[in-house]
Amino acid sequence: MGLYRSLFKQTAIYGLATVLPRIFSFLLVPLYAKTLDRGEYGEVSIIFSWLVVFNVLLAYGMETSFFRFYNTHDDKRAVVGTSMISVFWTTLLFLIVSILFRNTLAKFSGIDVEFITYTIWILVLDALVIIPFSKLRAYQRPIVYAIIKIGNVIVNLGLNVFFLIYLPQIAQQHPETFLASLFVENFQIGYIFVANIIASLLTLVVLTPNYFHIQWHFDSKLWRQMIRYGFPILIAGLAFAINEHFDKILLEKLHVSKADIGAYSACYKIGLFMVLFRTAYSLGIEPFFFSYAKNENAPQTYANVTKYFVILGSIISLFVIVFADILKQILIPNDTYWSAMNVVPLIVLANFFLGIYTNLSVWYKLTDRTQMGAYISIVGAFITLVLNFILIKKMSYMGSAIATIAAYGSMMIISYTLGNKYYPIPYDRKKIGLYLGLSVLFSFVYFYFFRENYAIGIGLLLLFVYFVYRNEKQVLLQILKKSS
């Protein structure tokens, strides 16, 4: 049980570094809902969707390759130096090329060239800190990692509040001051990107010493090995970006109004409560998977961890769905956005399925079959694209939500099936399937038949918790006994 406590402690620390910034980011949703109309919020969502896609391209799987080779290669300094040098020069090349062709990019994407320029700089600054952040995780310095991550979001949040709320007031009340001269009329979207640039720049400044404290020797043989290992991760990352963010781009291309895209994007954010849990867990679990792989009890341990993830994730997803209409009043204090609330259960459960897939993906990472992960992700992306093209025309953004849950559910099932063949893990299929099935059933029954009837919703939630307790009582008591 000490192993699980260590894992949960690691997850909690990295979770803090993820959850707190996301909580601060949650504050941006009501801020944008108050200061932007639905069309403007839709435009911001589309730009950030493109930003996510290019973030994956600029990382090109090097982060995961770093962890893999850092734990297996004899010369760890060479791994750090080679990966950092690689990302540095590819990022510099991207900066030069994208600046030269920014007008072409603006024409292709339909985004103002000024916003394209801001996005380029955000991408560059964020790419340059990929390996320094990975290095902190590899060196087991989660506190430093958390402080920098949280600091970035605090700066970004503070600047957003200043630019969108206080600067217009200053310009109106004290037009003769220097701060008033910074105000530009109808520049709300631009201020959002300026805030991001400043926050990313400060983060890079803090992590810049990493570039001076490495061995500036480029091991070309090691680099080729890292690229071969990381390339499937790149493909998988692009597929994930398509699954999670490309719907906003497709909605615009298929002539859904930016106002509807804004409503969809805002309500989509309620599903981020599950994203918080999934992301924090993934940060803690990936290094654990690699470090524990040689232990003879590894398969059983992975099976247990997956079951506990499903249990906790089921409770969280059901809780969020039951109280979604309360959460919307906090996160989206503008009822013009609430027309898209029907997507919430689908997005919450889709992210839950993605978290289960993350657990199941251990088999192809530990057996060096990362190309299989890419294939699975490509299948998911294919399902996303096909269903979006078919369903958006008939169901607008509801079609995108259905495509998302279908893609992640398919990836989860495919990974489980292939994992049984290449790296058998003794999952407790009966209990995992039961917990997952009940969670999904209760969620849909409540939201689409008894929505806002909290007596029924809370009753279903308590019934589910009791059912889990009754089935897991002995294990839970054992953990509590060991902890005490």
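As a reminder, the structure under discussion sits directly above these lines.
Residues numbered from 1 in each chain as written. Predicted model: local features only at pLDDT ≥ 70, side-chain atom pairs only at ≥ 80, totals over all residues. Heavy atoms only, no water.

Q: An account of the overall build of the protein is requested, with residue identities and associated values reported.
A: The helix and strand inventory of the protein stands at 23 helices and zero strands. Along the first, second and third principal axes, the C-alpha atoms of the protein reach 70 × 65 × 50 Å. In the protein, which comprises 484 residues, the proportion classed as buried is 54%. Sequence-distant contacts, at least 24 apart, represent 84% of the contacts inside the protein between residues at least 6 apart. Counting 38 positive and 24 negative side-chain charges, the protein places the centres of these two groups 12 Å from one another. (Helix = DSSP H or I, 4+ residues; strand = E, 2+ residues; numbered from the N terminus. Buried < 20%, exposed > 50% of the residue type's maximum accessible area, 1.4 Å probe, protein only. Contact = heavy atoms within 4.5 Å. Lys, Arg positive; Asp, Glu negative; His and termini not counted. Charge placed at Lys NZ, Arg CZ, Asp CG, Glu CD.)

Q: Go over the pattern of salt bridges, please, and point to the residues and values.
A: Close approach of charged atoms lets side chains of opposite charge pair. Inspection of every chain in the model, using the stated rule, returns seven salt bridges. For E472, the salt bridge is made with K307, and the minimal N-O distance between the two is 3.3 Å. In this pair, E472 sits in helix α23 (residues 454-483) while K307 sits in helix α16 (residues 298-322), placing the two residues 165 residues apart along the sequence. Across the pair, exposure class does not vary: E472 and K307 are buried alike. Between D325 and R451 there is a salt bridge, and its shortest N-O distance comes to 2.7 Å. One end of the pair, D325, is in helix α17 (residues 324-331); the other, R451, is in the loop between α22 (429-449) and α23, with 126 residues separating them in the sequence. A residue is classified by how much of its surface remains accessible, and D325, at 1% relative accessible area, is buried. If you follow the salt bridges from partner to partner, you end up with K307, K431 and E472 in one network. (Salt bridge = Lys/Arg side-chain N within 4 Å of Asp/Glu carboxyl O.)

Q: How would you summarise helix α20 (residues 370-395) if you had to cite specific residues and measurements?
A: When the terminal C-alpha atoms of α20 are compared, their 35 Å separation across 26 residues agrees well with the 38 Å that a helix rising 1.5 Å per residue should span. At N388, α20 shows its largest kink, close to 30°. Just downstream of α20, S396 is the residue with a positive phi angle, here 55°. (Expected span 1.5 Å × (residues − 1). Bend = angle between axes of the 7 residues up to and from the residue.)

Q: Kindly report on empty space enclosed by the protein, identifying the contributing residues and their values.
A: Across all of its chains, the model carries three cavities of 30 Å³ or more by this definition. There is about 50 Å³ of room inside the second largest cavity. The class makeup of the residues in the lining of the second largest cavity is six nonpolar, three polar and no charged. (1 Å grid on protein atoms, 1.4 Å probe; cavity = no way out; pocket = protein on both sides within 12 Å on 5 of 7 lines; lining within 4 Å. Points joined across faces, edges and corners; volume = space filled by probe spheres on them. Nonpolar A, V, L, I, M, F, W, Y, C, P; charged D, E, K, R; others polar.)

Q: Residue-level account of a nonpolar patch on the surface, with values.
A: Together, W89, L92, L93, I96, V97, L100, F101 and W216 make up an exposed nonpolar region whose accessible area comes to about 850 Å². Tracing the chain through its elements places W89 in helix α5 (residues 76-100). (Patch = residues over 30% accessible without salt bridge, like charges linked within 9 Å, V, L, I, M, F, W, Y side chains within 5 Å. Areas by Shrake-Rupley, 256 points an atom, 1.4 Å probe, with all protein chains shown as cover.)

Q: Run through helix α13 (residues 220-253), naming residues and quoting values.
A: Taking 1.5 Å per residue, 34 residues should reach 50 Å; α13 reaches only 42 Å between its end C-alpha atoms and comes up short. A maximum bend of about 60° is found in α13 at H245. For α13, the N-terminal cap is D219; the gap from its side-chain oxygen to the backbone nitrogen of K221 is 3.2 Å. Just past α13, the residue H255 takes up positive phi, approximately 70°. (Polar contact = N/O pair within 3.5 Å; in protein donor to acceptor, adjacent residues only side chain to side chain.)

Q: Lay out the environment of I376 with the relevant residues and their values.
A: Along the chain, I376 turns up in helix α20. Its relative accessible area of 2% is what places I376 among the buried residues. Along the chain, I376 and N342 lie 34 residues apart, while their C-alpha atoms are 28 Å from each other. Setting aside anything within four residues of it in sequence, one finds I376 in contact with Y357, W363, M411, I414, S415 and L418.

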